[in-house]
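Structural description and commentary
The chain contents come next:
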Amino acid sequence: FGYSVEIARTISEQLTGSADRLAIRSTDSLLSGFREISGGYADVALLGSSDISLGVESSEPYLLDMQSFLVNGLSNASQLADQTIGVLAGSSAKANALAFLSSNGINASILEFPSSTELSEALRTYAIAAIASERTRLLGYQALIPGSTLLEETFSSQPLTVVLPENQKRLKDAVSAIVEVPAAAENLG
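Our subject in this report is the structure included herewith. (Residues numbered from 1 in each chain as written. Predicted model: local features only at pLDDT ≥ 70, side-chain atom pairs only at ≥ 80, totals over all residues. Heavy atoms only, no water.)

Side note on helix 4 (residues 116-124)
Within helix 4, the full set of buried residues consists of S116, L119, S120, A122 and L123. Along the long axis of helix 4, the arc covered by the buried residues comes to 155°, so they all point the same way. On its buried side, helix 4 packs onto strand 2 (63-72), strand 3 (84-88), strand 4 (109-113), strand 5 (130-134) and helix 5 (135-144). Just downstream of helix 4 lies Y126, where phi reads positive at about 65°. (Buried < 20%, exposed > 50% of the residue type's maximum accessible area, 1.4 Å probe, protein only. Helix = DSSP H or I, 4+ residues; strand = E, 2+ residues; numbered from the N terminus. Arc of directions from axis to C-beta. Contact = heavy atoms within 4.5 Å.)

Structure below.
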C-alpha cells in the first residue's frame, strides 16, 4: 500500500506545508476505517475502496483500479465454479464478483470477512479458493501468501478515493484538487 502512503504524504504536504505532519494509522477493515472518519478520530483515510457509507464522503478518484481474483492453485476464473470466494466486508467486491460470475455462468459462493487479516489467512489455509478485491489490494495480499497468483480476468472498474468526514466541503474540495494531479498523470500513461 505504498502508493496510498505517498498520496497521504502529498495531501499532508499540500494542506499543512509538510509531508511529515501526518499520523499513519493502520486499519484492518473497511468498516472500522469508515467509523474512524465519521467519529472524528481521523481526518482522511485511504482505504482502497470507494464504497461510501456510515457518515463519510469521498474525494474525486486518485486511481482507477480493476477488481480481480487472487487464487491458490487455480489458473482461470472458470475454475472458481462451486468454490467459496472471500471478500472484505464493506467493499463493492461482493456484488461485482457475483455479477461477473453470473454473467460467465459460474456458480460460486461469496463469504464476507470482517478484516483483511482473516481474509488473507483464509486463502493461505485454503479455507477459500479466492479473494475478490481491487488489484492493488490483491497485490498486497499476494506478497503475504506464498504461491498465490492474480488471475488475468478483471471484472469491475473501481475508482479509489480518499474517505472524508461528511459535510466538510472545503476539505473535500482541497483533497479532490490535490488528488487530481496523480489521476491526470495516470490518464497520460
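Quick look at the pattern of salt bridges
Counted under the stated rule, the structure contains five salt bridges. For R9, the salt bridge is made with D20, and the minimal N-O distance between the two is 2.8 Å. Taken together, the residues span a long stretch of sequence, with R9 in helix 1 (residues 2-16) and D20 in the loop between helix 1 and helix 2 (30-38) at a distance of 11 residues. Taking relative accessible area as the criterion, D20 reaches 57% and is therefore assigned exposed. With a closest N to O distance of 3.9 Å, E134 and R137 form a salt bridge. Pair check on accessibility: E134 and R137 agree, each one buried. (Salt bridge = Lys/Arg side-chain N within 4 Å of Asp/Glu carboxyl O.)

Details of the pairing of strand 2
Each regular strand carries side chains that alternate between the two faces of the sheet. In terms of burial, strand 2 is largely enclosed, as eight of its 10 residues are buried. As judged from the nine bridges shared by strand 2 and strand 6 (residues 148-160), these two strands associate in the antiparallel manner. Within the sheet, the bridge partner assigned to L63 lies in strand 6 and is L160. Relative to strand 5, strand 2 is paired through five bridges, and the arrangement is antiparallel. Pairing of S68 across the sheet is with S133, part of strand 5. (Pairing = 2+ DSSP bridges.)

Details of the environment of I106
Within the fold, I106 resides in the loop between helix 3 (93-103) and strand 4. The spatial distance from the C-alpha of I106 to the C-alpha of S78 is 6.5 Å, given a sequence separation of 28 residues. Setting aside anything within four residues of it in sequence, one finds I106 in contact with A77, S78, L80, A81 and L101.

What to know about unusual backbone geometry
Among all residues except glycine, the phi angle is most often negative; among peptide bonds, the trans geometry is most common. The phi dihedral of Y126 is positive, around 65°, even though this residue is not glycine. Look at Y126 and you get exposed, because its relative accessible area is 57%. For N167, which is not a glycine, the phi torsion comes out positive at approximately 60°. Tracing the chain through its elements places N167 in the loop between strand 7 (163-165) and helix 6 (169-188).

Notes on the packing of aromatic side chains
On inspection of all chains with the given rule, the structure shows three aromatic pairs. Ring centres of F69 and F100 lie 5.8 Å apart, and the angle between their planes is 50°; on these two criteria the pair is classed as tilted. Residue F69 is located in strand 2, and its partner F100 is located in helix 3; the two are separated by 31 residues in the primary sequence. What makes F100 buried here is its relative accessible area of 14%. Considering the side-chain rings of F69 and F155, the 4.9 Å spacing of their centres and the 40° angle between planes classify their relative orientation as tilted. Of this pair, F69 sits in strand 2 while F155 sits in strand 6, and the two are 86 residues apart along the sequence. Taken together, the aromatic side chains of F69, F100 and F155 make up a single cluster linked through ring pairs. (Phe/Tyr/Trp six-rings, centres within 6.5 Å; stacked < 30°, edge-to-face > 60°.)

Regarding helix 5
Every buried residue belonging to helix 5 is among R137, L138 and Y141, and all of these are buried. Relative to the axis of helix 5, the buried residues are bounded by an arc of 100° and lie together on one face.

Concerning the pairing of strand 3
With four of its five residues buried, strand 3 lies for the most part within the structure. When strand 3 meets strand 4, the two strands line up parallel, connected through five bridges. Counterpart to G86 in the pairing with strand 4 is L111. With two bridges connecting them, strand 3 and strand 5 associate as parallel partners. Bridging from a neighbouring strand, G86 pairs with I131 of strand 5.

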